[in-house]
Amino acid sequence: MNIGVYPGSFDPITYGHLDIIKRSAKLFDRLIVAVLSNPQKSSLFTVDERIEMIRESIYNTPNVEIDSFKGLLIDFARLKQARVIVKGLRAVSDFEYELQMALMNKKLDDHIETIFIMTSSNYSYLSSSIVKEVSSFGGCVASLVPPLVEERLKQKFNNN
Ligand code: ADP
């Protein structure tokens, strides 16, 4: 079976992430969306909240699963018997960091490949952090995240 892992913070999931999920799901028998649980990194939403928002945002994608991981991504990929790590690329600014990560992961396990999917042009500026920033000041993020995520953001920032 051809298994891919799409890792990230997803704090929260955006239409940019969903675009990558839908497109990469077509490339694998199973795609595992892997939510990073990193207590050292402060996040707005808990891992459970992030997973729930992803679950409610993906439909018509029966081969997509959601999981969380701690520690090294490569260990998680091995555990899941995935041979491919999927990353989204937005801009040149993503490239340097992603290249470093991909090379390091290759060094840790030569059998696991990282592939990059280019963002759709209408999402190239979109990140979870910009969504949080806009929402925290009461700005409208309806075109950037699914309605339920917009609702959760409003609750977090008391912008009802
Ligand atoms: P961010 O907080 O920057 O959105 P994540 O860690 O949640 O970052 O991102 C997970 C993965 O999704 C990364 O590979 C990232 O490059 C990719 N990604 C995030 N937003 C987009 C987007 N708008 N278009 C394409 N890929 C994206």
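For the structure, check the block above.
Structural notes, computed from the coordinates. Treat the numbers as computed from the prediction; the structure is a model and nothing was measured.

What follows deals with the pattern of salt bridges. Side chains that differ in charge, positive against negative, can pair when their charged atoms come close. Under the defined criterion, the tally for this structure stands at 14 salt bridges. Taking the shortest distance from any N to any O, the salt bridge between Arg50 and Asp11 comes out at 4.0 Å. Of this pair, Arg50 sits in helix α2 (residues 47-57) while Asp11 sits in the loop between β1 (3-8) and α1 (15-25); the two residues are 39 residues apart in sequence, bridging distant segments of the chain. On the basis of relative accessibility, which here comes to 5%, the residue Arg50 falls in the buried class. Under the relative-accessibility criterion, Asp11 is labelled buried at 4%. Salt-bridge contacts for Arg23 lead to Asp19; the nearest nitrogen and oxygen are separated by 2.9 Å. Of the two residues, Arg23 and Asp19 are both situated in helix α1; the distance of four residues between them amounts to about one turn of the helix.

Read from one edge to the other, the open sheet built from five strands follows the order β3-β2-β1-β4-β5, with strand pairing classed as parallel. At either margin of the open sheet sits one strand with a lone partner, and together these are β3 (64-69) and β5 (113-118). Taken over all neighbouring pairs, the strand axes of this sheet differ in orientation by 30 degrees on average, direction set aside. Pairing of β1 with strand β2 (residues 30-36) involves six bridges; the strand directions are parallel.

Those residues of helix α5 (residues 128-136) that sit buried are Ser128, Val131, Lys132 and Ser135. Along α5, the residues classed as buried sweep out an arc of 100 degrees about the axis, all on the same side. Contact partners of the buried residues in α5: α1 and α6 (147-157). Immediately beyond the C-terminal end of α5, within one or two residues, lies Gly138, with a positive phi of roughly 85 degrees.

Quick look at the site of the ligand now. Taken together, 16 residues are adjacent to the ligand, and Tyr6, His17, Gly88, Thr119 and Tyr123 come closest. Residue His17 places a side-chain N or O atom 3.0 Å away from an oxygen atom belonging to the ligand. Contact between the ligand and Tyr123: a nitrogen atom at 2.8 Å from a main-chain N or O atom of the residue. Within the complex, 88% of the 540 Å² of free accessible area of the ligand lies under protein. Contributions of two or more residues to the shell around the ligand are made by β1, α1 and β4 (84-89). Its residues assigned to classes, the shell around the ligand shows six nonpolar, eight polar and two charged.

Reading guide: rules and limits
Residues numbered from 1 in each chain as written. Predicted model: local features only at pLDDT ≥ 70, side-chain atom pairs only at ≥ 80, totals over all residues. Heavy atoms only, no water. Salt bridge = Lys/Arg side-chain N within 4 Å of Asp/Glu carboxyl O. Helix = DSSP H or I, 4+ residues; strand = E, 2+ residues; numbered from the N terminus. Buried < 20%, exposed > 50% of the residue type's maximum accessible area, 1.4 Å probe, protein only. Pairing = 2+ DSSP bridges. Axes fitted to C-alpha atoms, helices over the stretch in contact; angles between N-to-C directions. Arc of directions from axis to C-beta. Contact = heavy atoms within 4.5 Å. Near = heavy atom within 4 Å. Polar contact = N/O pair within 3.5 Å; in protein donor to acceptor, adjacent residues only side chain to side chain. Areas by Shrake-Rupley, 256 points an atom, 1.4 Å probe, with all protein chains shown as cover. Nonpolar A, V, L, I, M, F, W, Y, C, P; charged D, E, K, R; others polar.

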